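Residues per chain are reported as follows:
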Amino acid sequence: MSEMRSVWVCIATLMVVGIAAADDGWRTEPPITYVLDYGYSHLGHPEYIEKVASSPPTLLHLGKDVVMSHNWGPIECMGGENQAGGKGDCIRRLSPEEARARMDGLTAMVSDLHEAGCTWVMPYICSMTLGGSHRTRTGFWEFYDHWYDYEGFGLPERPELDPEDWMQRNPDGSMKSTYGIKPDQDDFYPPYEPNMRYATCVNNPGWRAWLDTVAQQVARVGYDGAFIDNGCTQECYCEFCQAKYQDFLRAKYSAAEMSELFGVKGDERVPLTPKPERGGATTVGWAETQRFFIESIHQHELAIRKAAEEVGEQFLLFPNAGRPRYIKSALHECDYAMFELSHGDYGSNPGLVKSRIVEDIHLRVHNDHAFEYKYVQAVRARVRALCLTRGGYPKSLPALALNEDTARLAMAESAAFGSGAGFLVRPDWGRFGEPMAEYRGFFEEHAAQYAGLVPYAQVGMAVFADQAIYGHSAHLATTKALTQAMLQGHVLFDYVLEHRFTAENLREFDLVVLPDVRFASVEQMEALAEYVAGGGTAIVMGQPPTHDLQMRPLATGVVPAKLAALAATGQPGAASDGQGRWAFLTTAPDMAVIEALEQAAGRPLAIMEAEVSGAARANAFIRPEGDAEIIVHLLNYDTPLGALPDTIDVKEDLTITLPLPEGAQATGVTAWSPDREGAMDIPVRMDGGAAVFTVPSLRIYEMIRVELG
């Protein structure tokens, strides 16, 4: 610690507080409430409509409550997801007359759910699953062979390709395995016995035509969109993918670059590169192959929307695809993206876990999902995050279960860190109906405080999810660890993704952190150098980038000389460059990093004292035009999980020291909380460019407006 402190003391400098945002047109949206209900008793059950009406979510996500399911066609059973209802009478094919009655019933049901108060209602479909047997022509094949019996349902011409030829293929031409099953080798998939489960290809014209049809059927009955499972499960080497890959590469690279990178001349084809064996080195071919799969998903999602909007109005896309690089590059034009956060040593529900070590000694762990919500809003696009969590997996443990108060914390978390985001509440209206109604009412009453804002932060952290494409997955692990250090240190920070890593955007921040990035473009390094030359401080952790985005070694001079010299020592250090500073750290991100950041800034960055605030967490947004205001969100993660939870550790007298934009004055502070009625005015004073005020009490969530003059 002493070595690090001495390094940062030598680079400490007074910096102007310049917390603003480059205006790219993106603004926040109010949060939503969200329920997933894969039950089987919706259609024809008026009591279900009444239950939903008692506490309607903004978004209600149902199972396969559709006329024609993606994996079987028109079958008897509804509800559930891919695995549910896959055998026996459940997959009996409906006659055209029965399918028509189903369509009429669903149209009425969806209308009733809207009348009950749900803003959006969406069923389940899947991006890549088919059920049946290509050998016995059962399941979907039976429907395919009776395609023209359903001409009155808006079906297009039956695809010429047999469904057997719609599948994702391995490099050797065999069918891709799915959930441990190889359809062209195994006898059956247990939940579908005696049928198989297949993985279809999003670039296959037959599958694309069918899934477009499914989306149109969903739109016709009045649904607002669809949840699309397996939203980024595409790794195919079929003839259609191979052909599209050529266009993908040649739209990106010149003939000379194609020759340099792939060793081809003229119109020679570049085959898709197989995934390296475990431990194998990543090549530029595999990197570009992954990018092609990601772009294939992007085009697939847009095609689904386009098809559905040909028969209905706006159609919302909601894929299950919580992989950051896919959200940034494939799903940015979707409306929502689900993070299915099932696994965790202490479950994944947000809140306090008390894990017994021995007798009355417990390990206290705080689960949160700040990374997921902040990452999606950092994309600065249409997409918004929705999180699914569990109290252990595959079995839920009572000590890790969501309860009424941690459900409140979960909904507040989506509001505090995201934009237009939400948290999945299970369809237990008896338990969660009241908290959900309470928070939906709060979000809608205060929609103005959630809309039209941009993040307000002092520290910018580079989060380059594409590092995983090159086999460098450690970068995301580092950014997540650094996120926890920032949250626990009460530092206001935001992420800067690859496509927004420009000098203009970096100037939003007092400090910019580049954590363990190995692959960067010349333009990104130039942006960072320009930021430093203009007076910024850049902290590089681990090592400076070594290769470009085509995996070629960076040319001499791309990494600024002052930074390269620091890194060459292998020791922490700092150096002036132009009007700014470079700093190099070899340490792993922990609380020592917060001390280092504060030394670099020449002033405290923490907006709360850790000794008093403990597990309180903060995030902030600013209104970039109109009535100037900053919105500060406070969350109390000392809200215990468990079916029989302990008492919440309420935080008392939290003093906030909030640095303001240069020249600004705080003219008033007002706080609201779902825990109480009405607004609470809080006295505020100015201290050296910062607004100082004390929040009397934080139970679960406080939303605070700091008015600027």
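> Let's hear about the overall build of the protein: which residues, and what values?
The secondary structure content of the protein amounts to 19 helices and 29 strands. Rg of the C-alpha trace for the protein: 27 Å, near the compact-globule value of 27 Å for 709 residues, within the 12% margin. Considered along the principal axes of its C-alpha atoms, the protein spans approximately 75 × 70 × 55 Å. When burial is assessed residue by residue, the protein has 59% of its 709 residues classed as buried. The contacts in the protein between residues at least 6 apart in sequence include a share of 75% that link residues at least 24 apart. Here the protein displays about 26,900 Å² of accessible surface, and carbon together with sulfur accounts for 50% of that area.

> Lay out empty space enclosed by the protein in plain terms, naming residues and giving numbers.
A full pass over the atoms with the stated rule returns 2 cavities of 30 Å³ or more. Lining the largest cavity, in full, are T28, E29, A415, G418, S419, Q449, Y450, L453, F621 and H633. A class-by-class count of the residues in the lining of the largest cavity yields 4 nonpolar, 5 polar and 1 charged. Taken as a whole, the second largest cavity holds about 40 Å³ of empty space. Lining the second largest cavity, in full, are W72, P74, I75, I91, R93, G139, E142 and F143. Among the residues making up the lining of the second largest cavity, the classes are represented as 5 nonpolar, 1 polar and 2 charged.

> Explain the sheet that holds strand β7 (residues 196-199) to me, using residue names and the numbers behind them.
If you trace the 3 strands from one edge of the open sheet to the other, you get β6-β5-β7, paired in antiparallel fashion. The outermost strands of the open sheet, each flanked by one partner alone, are β6 (138-139) and β7. Across 4 bridges, strand β5 (residues 129-133) lies against β7 in antiparallel orientation. Looking at the pairing, G132 lines up with M196 of β7.

> I'd love a proper account of helix α7 (residues 255-262), names of residues and values included.
Side chains of residues three or four places apart in an α-helix project in the same direction, reflecting 3.6 residues per turn. Along α7, the positions that sit buried rather than exposed are M258, L261 and F262. Across the axial projection of α7, the buried residues extend over an arc of 80 degrees, all falling on one side. Away from its buried face by more than 90 degrees, α7 exposes A256 and E260. Of the surrounding secondary structure, the elements contacted by the buried residues of α7 are α6 (239-252) and α8 (284-309). A positive phi of about 70 degrees marks G263, the residue just after α7.

> Account for the layout of surface pockets, with residues named and values stated.
Its boundaries defined by the atoms lining it, the largest pocket holds a volume of some 990 Å³. Around the largest pocket, the lining is made up of 39 residues, and of these E235, K275, R323, R325 and Y326 lie nearest the centre. At the level of elements, α8, α9 (324-329) and β10 (336-341) are the ones that each hand at least two residues to the lining of the largest pocket. Looking at side-chain class alone, the lining of the largest pocket contains 17 nonpolar, 15 polar and 7 charged residues.

> Can you break down the pairing of strand β18 (residues 511-515) residue by residue, with the values?
In terms of residue burial, β18 counts as a mostly covered element, since 5 of its 5 residues are buried. Side chains of β18 alternate between two faces, with L511, V513 and P515 and V512 and L514 buried alike. Of the pairings in the sheet, the one linking strand β16 (residues 459-462) to β18 comprises 3 bridges and is parallel in character. The residue bridging V459 from the neighbouring strand is L511, located in β18. In this fold, β18 hands off to helix α16 (residues 522-533), which returns the chain to strand β19 (residues 537-541); that crossover is right-handed.

> Help me get a handle on the state of the cysteines, residues and values and all.
The final tally for this structure, using the stated rule, is 0 disulfides. You can see C241 has no disulfide; the closest cysteine sulfur is in C201, sitting 3.5 Å from it.

> Residue-level account of the nonpolar core, with values.
Formed by 159 residues in total, the largest nonpolar core has its most connected members in L597 and Y701. Per-element tally for this core: the top contributor is α8, with 9 residues. Here L597 is in contact with V459, M486, L511, V513, I539 and L605, once residues within four sequence places are set aside. Ranked by size, the runner-up nonpolar core spans 28 residues in total, among them L634, L658, I682 and I704.

> Go over the environment of D104, please, and point to the residues and values.
Turning to its location among the elements, D104 is positioned in helix α3 (residues 96-115). Residue class for D104 comes out partly exposed when judged on its relative accessible area of 48%. For the pair D104 and G344, spaced 240 residues apart in sequence, the C-alpha separation works out to 43 Å.

> Describe the sheet that holds strand β29 (residues 701-708), with residues and values.
Pairing within the open sheet is antiparallel, and its 6 strands lie in the order β15-β22-β23-β29-β25-β26. Two strands bound the open sheet, and with one partner strand each, they are β15 (454-455) and β26 (680-682). Inspection of the sheet shows strand β22 (residues 616-622) paired to strand β23 (residues 629-636) by 7 bridges, in the antiparallel sense. For I622, the partnering residue across the bridge sits in β23 and is I630.

Criteria and thresholds
- Residues numbered from 1 in each chain as written.
- Predicted model: local features only at pLDDT ≥ 70, side-chain atom pairs only at ≥ 80, totals over all residues.
- Heavy atoms only, no water.
- Helix = DSSP H or I, 4+ residues; strand = E, 2+ residues; numbered from the N terminus.
- Rg over C-alpha atoms; globule rule 2.2 N^0.38 Å.
- Buried < 20%, exposed > 50% of the residue type's maximum accessible area, 1.4 Å probe, protein only.
- Contact = heavy atoms within 4.5 Å.
- Areas by Shrake-Rupley, 256 points an atom, 1.4 Å probe, with all protein chains shown as cover.
- 1 Å grid on protein atoms, 1.4 Å probe; cavity = no way out; pocket = protein on both sides within 12 Å on 5 of 7 lines; lining within 4 Å.
- Points joined across faces, edges and corners; volume = space filled by probe spheres on them.
- Nonpolar A, V, L, I, M, F, W, Y, C, P; charged D, E, K, R; others polar.
- Pairing = 2+ DSSP bridges.
- Arc of directions from axis to C-beta.
- Right-handed = clockwise from strand over helix to strand, strands pointing away.
- Disulfide = S-S within 2.5 Å.
- Core = buried A, V, L, I, M, F, W, Y, C linked by side-chain atoms within 4.5 Å.

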